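Each chain, written out:
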Amino acid sequence: GQNIDQPTEMTATEGAIVQINCTYQTSGFNGLFWYQQHAGEAPTFLSYNVLDGLEEKGRFSSFLSRSKGYSYLLLKELQMKDSASYLCAVRDNYGQNFVFGPGTRLSVLP
Amino acid sequence: DTEVTQTPKHLVMGMTNKKSLKCEQHMGHRAMYWYKQKAKKPPELMFVYSYEKLSINESVPSRFSPECPNSSLLNLHLHALQPEDSALYLCASSQTGVGINQPQHFGDGTRLSIL
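Just so we're clear, the structure is a prediction, and the values are computed from it rather than from any experiment.

Cut-offs applied
Residues numbered from 1 in each chain as written. Chains lettered and ligands numbered in written order. Predicted model: local features only at pLDDT ≥ 70, side-chain atom pairs only at ≥ 80, totals over all residues. Heavy atoms only, no water. Helix = DSSP H or I, 4+ residues; strand = E, 2+ residues; numbered from the N terminus. Rg over C-alpha atoms; globule rule 2.2 N^0.38 Å. Buried < 20%, exposed > 50% of the residue type's maximum accessible area, 1.4 Å probe, protein only. Contact = heavy atoms within 4.5 Å. pLDDT = per-residue confidence, 0-100. Pairing = 2+ DSSP bridges. Axes fitted to C-alpha atoms, helices over the stretch in contact; angles between N-to-C directions. Buried area = accessible area lost by both parts, 1.4 Å probe. Salt bridge = Lys/Arg side-chain N within 4 Å of Asp/Glu carboxyl O. Core = buried A, V, L, I, M, F, W, Y, C linked by side-chain atoms within 4.5 Å. Polar contact = N/O pair within 3.5 Å; in protein donor to acceptor, adjacent residues only side chain to side chain.

K.L.:
Help me get a handle on the overall build of chain B, residues and values and all.
P.N.:
A count of helices and strands for chain B gives zero helices and 11 strands. Seen in sequence order, chain B has helices and strands lined up from the N terminus as β-β-β-β-β-β-β-β-β-β-β. Its C-alpha atoms give chain B a radius of gyration of 14 Å, within 12% of the compact-globule value 13 Å for 115 residues. Projected onto its principal axes, the C-alpha coordinates of chain B cover approximately 45 × 25 × 25 Å. The burial tally for chain B puts 45% of its 115 residues in the buried class. A sequence separation of at least 24 residues applies to 54% of the contacts in chain B between residues at least 6 apart.

Next up, the structure:
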């Protein structure tokens, strides 16, 4: 079966750092992807990990531990426009299926 | 603007109508997807096409009928929908194959309302 878990909601202050966790138990694994989705808009790709470790892209970083079935997205120097839902998705072994987690709604306050 | 184009952006239809949603991409991706997304929920996979063949059908009711006329186009034909089918319908595409770690690219979606 497929099970991906994320916190439902998080709140942080402008300029701060926030870490959004994702745990997964899936029948196969071929990469973990993070997407940002603003209300009423399409998801946009942020970052992916296929090997253990940290991937950094500007203000966003993502970490993966395959043995623990765990990933996190780190957002630095938060801006008001970062208020959105953040979705983690696992790609299965056959490469065709992306299973999405429930998403974390992040609110950035002034 | 996204590289995956969906039309129409909004659609209102009655339960007896027949309509189609369209999706187009020119990135050379050979996997295309339809998702349904309700408010404050993650995208829910409906169908996956790989090399123009249906490879995944997540037990979607027959009132939704997908079609992939060629490698760039994906349609979703709608007939006799129910009010609970009102949602945002997202199309996505990606490269395919094991070991290819490329993300999905999403269109802006069609917001569907069933009266």
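What follows continues from the structure just given.
K.L.:
If you had to explain unusual backbone geometry to someone new, which residues and values would you point to?
P.N.:
Backbone phi values are negative for most residues with the exception of glycine, while trans is the configuration of most peptide bonds. All names here are of chain B. Of note, the amide linkage connecting T7 to P8 takes the cis form, showing an omega dihedral of -10°. By the element assignment, P8 lies in the loop between β1 (4-7) and β2 (10-13). For K40, which is not a glycine, the phi torsion comes out positive at approximately 60°. Examined against the element boundaries, K40 turns out to sit in the loop between β4 (31-37) and β5 (44-50). K40 gets classed as exposed once you look at its relative accessible area, which sits at 68%. With a phi angle near 55°, A80 is a residue other than glycine that sits in the positive phi range. Tracing the chain through its elements places A80 in the loop between β8 (73-79) and β9 (87-94).

K.L.:
Please provide a residue-by-residue account of the side chain of T110 of chain B, values included.
P.N.:
Along the chain, T110 of chain B turns up in strand β11 (residues 110-114). Sequence-distant contacts of T110 of chain B, that is, excluding residues within four places in its chain, are made with Q6, T7, P8, K9, L11, L21, A87, L88 and Y89 of chain B.

K.L.:
Explain the confidence of the model for chain A to me, and be specific about the residues and the numbers.
P.N.:
Per-residue confidence for chain A gives a mean pLDDT of 93, with 96% of residues at or over 70. For chain A, the element scoring lowest by mean pLDDT is strand β10 (residues 98-100) of chain A, at 87; strand β8 (residues 70-75) of chain A scores highest, at 98.

K.L.:
Quick rundown of the sheet that holds strand β6 (residues 53-57) of chain A? Include the residues and the values.
P.N.:
All names here are of chain A. An order of β1-β3-β8-β7-β6 is seen for the five strands of this open sheet, with the pairing classed as antiparallel. Strands with a single pairing partner mark the edges of an open sheet, and in this sheet they are β1 (3-5) and β6. The mean inter-strand angle of the sheet, taken between neighbouring strand axes irrespective of direction, is 15°. As defined by bridge partners, strand β3 (residues 18-25) adjoins β8 across six bridges and the pair is classed as antiparallel. Bridge pairing in β8 links V18 to L75.

K.L.:
I'd like a description of the interface of chain A and chain B, backed by residues and values.
P.N.:
On the chain B side, the residues contacting the 23 residues of chain A number 29 residues. Counting the surface lost from both chain A and chain B, the interface buries some 1,900 Å², and carbon and sulfur atoms represent 52% of this. If you sort the residues of chain A by the area they bury against chain B, R91, Q96 and F100 of chain A come out on top, with a joint share of 28%. Linking chain A with chain B are zero salt bridges. Every element with two or more residues in the side of chain A that touches chain B is listed here: β4 (32-37), β5 (44-49), β9 (84-91) and β10 of chain A. By residue number, the principal contributor to the side of chain A that touches chain B is β4 of chain A, which donates three residues.

K.L.:
I'd like a description of the nonpolar core, backed by residues and values.
P.N.:
Residue and element names in this part refer to chain B. W34, F64, L76 and L78 are the most contacted members of the largest nonpolar core, which has 22 residues in total. For this core, the secondary-structure elements that each account for two or more residues are β2, β3 (18-25), β4, β5, β7 (64-70), β8, β9 and β11. With residues up to four places along the chain from it excluded, the contact list for F64 reads M46, F47, L76, H77, L78, L81, D85 and Y89.

K.L.:
So what's going on with the side chain of S71 of chain A? Which residues, and what values?
P.N.:
Residues and elements named next belong to chain A. Note that S71 resides in strand β8. Note on S71: relative accessible area 0%, which makes it buried. Among the polar contacts made by the side chain of S71, one reaches the side chain of W34 at a distance of 3.1 Å. A distance of 2.7 Å separates a polar atom in the side chain of S71 from the backbone oxygen of F63. What S71 contacts, discounting residues up to four positions off in sequence, is I20, N21, C22, L32, W34, F63 and L64.

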